[in-house]
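The residues making up each chain are set out below.
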Amino acid sequence: LDARIPLLLYPLLTLQGSDLALEFVRVTALGMIGSLVKEDDTQSVFFLVESELIPLCLRIMGNVNSSDRARSVSSWIVQKLLLNDFGLWYVCQTPERFYAVASTLAK
């Protein structure tokens, strides 16, 4: 985390297209990020939230062209971030963030 290596995965989350190979890359990147939140480490959650991972996950969750697996992993990552006090605080800081999360989860 100190080297900010997970940031190298973020461009893989924004790849455009519905090609199967691109979807595998997207899901693999999400899995690697998911392994960071799996341990409930506050430092990991702080890093991921501050580096704007939640909007990336929300975009994948709301994209109808994303695979079910990508949407599921993104949902799980957002859930783990929101279960942390800092993640919940971050989302509730502005009405725009709260609305973005609430409207995506409502779909």
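Provided above is the structure to which this section pertains.
Moving on to the packing of aromatic side chains. Given two aromatic rings, one states the distance between the centres and the angle between the planes to describe the pair. Within this structure, the stated rule accounts for three aromatic pairs. Judged by centre distance (6.4 Å) and plane angle (35°), the rings of Phe86 and Tyr90 are tilted. You can see Phe86 and its partner Tyr90 sitting in helix 6 (residues 85-92), four residues apart, about one turn around the helix. Among the residues examined, Phe86 registers a relative accessible area of 17% and is labelled buried. Counting every residue linked through ring pairs, the aromatic cluster contains Phe46, Phe86, Trp89 and Tyr90. Sitting over the ring of Tyr90, Arg97 keeps its end group 3.9 Å from the ring centre.

Turning to the pattern of salt bridges, a few remarks are in order. Once the charged atoms of two side chains with opposite charge are near each other, the side chains can pair. One pass over the full model with this rule turns up two salt bridges. Note that Asp68 is salt-bridged to Arg71, the shortest N-O span being 2.4 Å. Taken together, the residues span about one helical turn, with Asp68 and Arg71 both in helix 5 (residues 68-83) at a distance of three residues. For Asp68, a relative accessible area of 56% gives the class exposed.

This paragraph deals with the nonpolar core. For soluble globular proteins, the rule of thumb is that nonpolar side chains tend to be buried together. Counting residues in each nonpolar core, the largest one holds 28 residues, and the members touching the most others are Leu13, Ile33, Leu48, Leu53, Ile54, Ile77 and Leu81. Of all elements in the fold, only helix 1 (10-13), helix 2 (20-37), helix 3 (42-50), helix 4 (53-62), helix 5 and helix 6 reach the threshold of two or more residues within this core. Ranked by the residues each element gives to this core, the list is headed by helix 4, at seven residues. Leaving out residues up to four positions away in the same chain, Leu53 has contacts with Tyr10, Leu13, Ile33, Leu48, Ile77 and Leu81.

Rules behind the numbers
Sequence order sets the numbering: in each chain, residues are counted from 1 along the sequence as written. Since the coordinates come from a predicted model, pLDDT governs what is reported: local features require at least 70, and pairs of side-chain atoms require 80 or more to be given and counted, while whole-chain, interface and lining totals use all residues. Hydrogen atoms and water are omitted, and side-chain values are computed over all heavy atoms in the structure. In this scheme Phe, Tyr and Trp rings, the latter by its six-membered ring, pair at centre separations within 6.5 Å, and the angle between planes marks the pair as stacked below 30 degrees, edge-to-face above 60, and tilted otherwise. Each helix corresponds to a stretch of at least 4 residues labelled H or I by DSSP, and each strand to a stretch of at least 2 residues labelled E; elements are numbered beginning at the N terminus. Working definition: with a 1.4 Å probe on protein chains only, accessible area under 20% of the residue-type maximum means buried, over 50% means exposed, and in between means partly exposed. As a reminder, the over-ring test applies to NZ of lysine and CZ of arginine, requiring each to be within 6 Å of the ring centre and within 35 degrees of the ring normal. When a carboxyl oxygen of Asp or Glu is within 4 Å of a side-chain nitrogen of Lys or Arg, the pair counts as a salt bridge. In these notes, a set of buried Ala, Val, Leu, Ile, Met, Phe, Trp, Tyr and Cys residues joined through side-chain atoms within 4.5 Å is what counts as a nonpolar core. Working rule for contacts: check all heavy atoms of both residues, and any pair within 4.5 Å makes them a contact.

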